[in-house]
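If you want the building blocks of each chain, they are given just below.
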Amino acid sequence: MKIVDLTMTIKTKAPVHPIYVEPVVTTWTTIKETGFYSTLLILNDHTLTHLDAPAHVIENGVTVDMLPLEMFIGPGIAVDLSYLPPRSTITRETLLRELEKTGITSFEGWVLLIRTGYDSKIGTPEWFDHPGLDESAAKLLIEKKFKAVGTDAPSIDREPYPAHKPLLQNNIIVYENLTNLKELIGRKFYFYGLPLKIYRGSGSLVRAIAIME
Ligand SMILES: [Zn+2]
């Protein structure tokens, strides 16, 4: 079985959106002092590789602890949009063209992963120049009944964030800051991106993986 890890490593000072707290991962107890090693974590729920629950952008929306587990698992395809120039808009047409190439006719219950290549720019000034979906692209994903959409960029869209709300209103889970999507292009796989069960969480860090067919 070949498994591709789509997850970034959680460590102190790992880059995050400037509005969030810099992550802290530090030793809390040691084997020498107490007989067991443990670490203390201080993190926003949108740190590094994570998913957004509807409550992230919808007042009184569903929180991560309430979402059914089937929402995080499904057959996946990955499309390569790393050729797009900085700050590009990913439109319905862009996605349709890529989806046609896959030869798949029905995407109901599928997970779409979008490679931008911006995971390699993490922490640089260009990191937030990533391409983003517009509303027409979000509507296409809703029409096609995708279960989830993910990207290796820090966000699925750009200010004023036209895709987050329609996607999450339609219970399409959003994964951000994935990595290693290059390995998935042109392949069929099964995607798993399970969140922690955080009470009233607006999202969660995930361990995202692809099991290759
Ligand atoms: Zn997020």
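Above: the structure in question.
If you're wondering where the values come from, they're calculated on a predicted model, not measured in any experiment.

Undergrad: Which residues make up the packing of aromatic side chains, and what values go with them?
TA: Remark: the centre distance and the inter-plane angle together describe each pair of aromatic rings, the angle taken between the planes. One pass over the full model with this rule turns up five aromatic pairs. A ring pair is formed by Phe-107 and Phe-146, whose centres lie 5.0 Å apart and whose planes are at 20°; its orientation type is stacked. Note that Phe-107 is positioned in the loop between α2 (92-102) and β7 (111-115) and Phe-146 in the loop between α3 (135-143) and β9 (148-151), a separation of 39 residues in sequence. The class of Phe-107 is buried, set by a relative accessible area of 3%. Using a relative accessible area of 4% as the deciding quantity, one classes Phe-146 as buried. An aromatic cluster is built from Phe-107, Trp-110 and Phe-146, whose rings are joined through pairwise contacts. Its end group placed over the ring of Tyr-118, Lys-121 keeps NZ or CZ at 5.2 Å from the ring centre.

Undergrad: Any chance you could break down α3 for me, citing the residues and the numbers?
TA: Side chains three or four residues apart in an α-helix point the same way, a direct result of the helix having 3.6 residues per turn. Along α3, the residues that are buried comprise Ala-137, Ala-138, Leu-140 and Leu-141. Seen from one end, α3 has its buried residues packed into an arc of 155°, which puts them on one side. Along its buried surface, α3 packs onto β6 (89-90), α2, β7, β8 (132-133), β9 and α4 (164-169).

So, how was this worked out
Residues numbered from 1 in each chain as written. Predicted model: local features only at pLDDT ≥ 70, side-chain atom pairs only at ≥ 80, totals over all residues. Heavy atoms only, no water. Phe/Tyr/Trp six-rings, centres within 6.5 Å; stacked < 30°, edge-to-face > 60°. Helix = DSSP H or I, 4+ residues; strand = E, 2+ residues; numbered from the N terminus. Buried < 20%, exposed > 50% of the residue type's maximum accessible area, 1.4 Å probe, protein only. Lys NZ or Arg CZ within 6 Å of the ring centre and 35° of its normal. Arc of directions from axis to C-beta. Contact = heavy atoms within 4.5 Å.

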